[in-house]
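Commentary on secondary and tertiary structure
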Amino acid sequence: MDTELHLESNFAKELEGLYVEWQAAVIPNPRLLLLNEGLATRLGLSPEALRKEGAALLSGQRLASGSRPVAQGYAGHQFGVFNPQLGDGRALLLGEIRDPQGQLWDLHLKGSGRTPFSRGGDGKAALGPMLREYLIGEALYALGIPSTRALAVLSTGEAVQRERPLPGAILARVAASHLRVGTFQFVAVREQDELLRRLADYAIARHYPDLLALSGGERYLAFLEAVMQRQARLIAQWMGVGFIHGVMNTDNMSIAGESIDFGPCAFMDAYDAGTVFSSIDQNGRYAYGEQPRIGQWNLVRLGECLVPLVNDDVDQAIAQLTTVLQRFPALYQEAWREIFAQKLGLTEVSESDDALFEDFLQLLDGEQADFTLAFRSLSAELQGFSAVERDRLGIPSVPESWAPWRERWLARVGTARPLAAVGAAMDGINPIYIPRNHQVEIALAAAVERNDGHPLEKLLQILSAPFVARPEYLPYSAPMPANLGPFRTFCGT
């Protein structure tokens, strides 16, 4: 395991024209607040060494060997409105870490100061949103959902002015890459076809290397299909745990198929397809139930960028790309069906099961039932939990009003397996602990307002094992009390 941090600079070497070389701003007192030791170990890094040297290295105050920091350029549709130049306005790519298996991972800073892409921003980050990104990334990872993850959160020793002065922080984030749909838009809008081809080939080599065997336009059609498959699966996984990203702009859609950029994201309590938490999403563009549609919309924007690479005949290129993009609804529905079949204990699934799943969601919607606990109620019944045991774990009983649907479901589950085994398998798919919005706010407030990190550390511990019910964690499975709503989230910029 490395005691020193060594970085590569492949993005900087191979994609000139997509970045500006830059350095992190000098900060008065970098201090390591949170270190993700499990992630560090997985990357082949020494947690002990990072605790000694990480404050300087992970804030950009001292560069690791091989590091060539750059602010990446990208464009994006933000709430449907195109901006041709966004980019890393408060972020830097320090370089890439090659893990013991040979895979590359970006090491990226947020809150590291102004860059040429800042557009009037201060380039800084407040502690609360950086801790929130750390927590959400770890929660998604524990749920088995592809996500960027935080390696560390550092305090800067200076105040950041938002509505009021807040403690400043830097997030050191690890990702499969930071290539976005918006990265392709940045090049395509400038009609830089040679750079566009280099970018596409770089993305393919890094994330879809099997496609390098293809030539001509077929390679880039297959690339779009591969990105589409990962995004369909990712969004279906979000839907399966009630996760609402909140700002699915094209600059926040990863080419690698990871969840990225956690600003106003949140998890749903009571089931409602129209649930929106973000204070800036006043029209519900990125509501829970809209996420699959927006995913396809974003992929269409990627397809538009690839036109020059697919075919010299623009009309033929558009027709070929359209044929690929039209498969998204079926890909998404297949992934969604598979996930909800597992959530409801089915080992085999067909299109005819969609009605069973959708009727259950309508039932939850009509009763404002808690989405997460509803599935645990069903599995607890199959396992024969007593009322006392359910109360100890915070799992409600199955309401009588579900009886007609329940009979359909049990008939579909069948008798080939013991029902207790079905219920236990469901518990391995359906979390009992998610980042409940009120618990997240309690933990962040303690860390920011009182300099008390214990509530956050406990919440991270609980969320690291989201499927195992424990009586001592009872408050963490409970929905947000009604008197605390309605809940709103903010971007933190």
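As shown above, the structure is provided for reference.
Notes on the structure follow. (Residues numbered from 1 in each chain as written. Predicted model: local features only at pLDDT ≥ 70, side-chain atom pairs only at ≥ 80, totals over all residues. Heavy atoms only, no water.)

A few words now on empty space enclosed by the protein. Where empty space is left becomes clear once a probe the size of a water molecule has been rolled over the atoms. All told, the structure shown has three cavities of 30 Å³ or more when counted by the stated rule. When its volume is computed, the largest cavity comes out at roughly 70 Å³. Lining the largest cavity are 13 residues, and of these Gln231, Trp238, Met248, Asn252 and Met253 lie nearest its centre. Tallying contributions element by element places helix α7 (residues 216-241) first for the lining of the largest cavity, with three residues. Here the lining of the largest cavity is built from residues that sort into five nonpolar, seven polar and one charged. Of the volumes computed, that of the second largest cavity is approximately 60 Å³. Taken together, 13 residues form the lining of the second largest cavity, with Ile27, Gly111, Lys124, Thr156 and Glu158 sitting closest to its centre. Of all the secondary structure elements, the ones that give two or more residues to the lining of the second largest cavity are β9 (149-161) and β10 (165-175). Along the lines of polarity and charge, the residues of the lining of the second largest cavity split into six nonpolar, five polar and two charged. (1 Å grid on protein atoms, 1.4 Å probe; cavity = no way out; pocket = protein on both sides within 12 Å on 5 of 7 lines; lining within 4 Å. Points joined across faces, edges and corners; volume = space filled by probe spheres on them. Helix = DSSP H or I, 4+ residues; strand = E, 2+ residues; numbered from the N terminus. Nonpolar A, V, L, I, M, F, W, Y, C, P; charged D, E, K, R; others polar.)

Before going further, it helps to examine the packing of aromatic side chains. Scanning the entire structure with this criterion turns up 22 aromatic pairs. Note on Phe371 and Phe375: the rings are 5.3 Å apart at their centroids and 80 degrees apart in plane angle, and the pair reads as edge-to-face. Highlighted residues: Phe371 and Phe375, both in helix α13 (residues 371-382), separated by four residues, approximately one helical turn. Summarising the burial analysis for this pair, Phe371 and Phe375 share the class buried. Members of the aromatic cluster, joined through ring pairs, are Tyr271, Tyr288, Trp336, Phe340, Phe357, Phe360, Phe371, Phe375, Trp402, Trp405 and Trp409. Between the NZ or CZ atom of Arg190 and the centre of the ring of Phe186, over which it lies, the distance is 3.8 Å. Here Lys343 stacks its cationic end above the ring of Phe375, 4.2 Å away from the centre of that ring. (Phe/Tyr/Trp six-rings, centres within 6.5 Å; stacked < 30°, edge-to-face > 60°. Buried < 20%, exposed > 50% of the residue type's maximum accessible area, 1.4 Å probe, protein only. Lys NZ or Arg CZ within 6 Å of the ring centre and 35° of its normal.)

For a regular strand, the rule is simple: side chains alternate between the two faces of the sheet. Judged from the four bridges that link them, strand β2 (residues 31-35) and β9 form a sheet pairing that is antiparallel. Considered in β9, the bridge of Leu34 is made with Val153. Pairing of β9 with β10, which is carried by nine bridges, proceeds in the antiparallel orientation. Counted as the bridge partner of Val153 is Leu171 from β10. Taking the residues between adjacent antiparallel strands as the criterion, β9 and β10 are bridged by three residues. (Pairing = 2+ DSSP bridges.)

Structural measurements only, silent on function.
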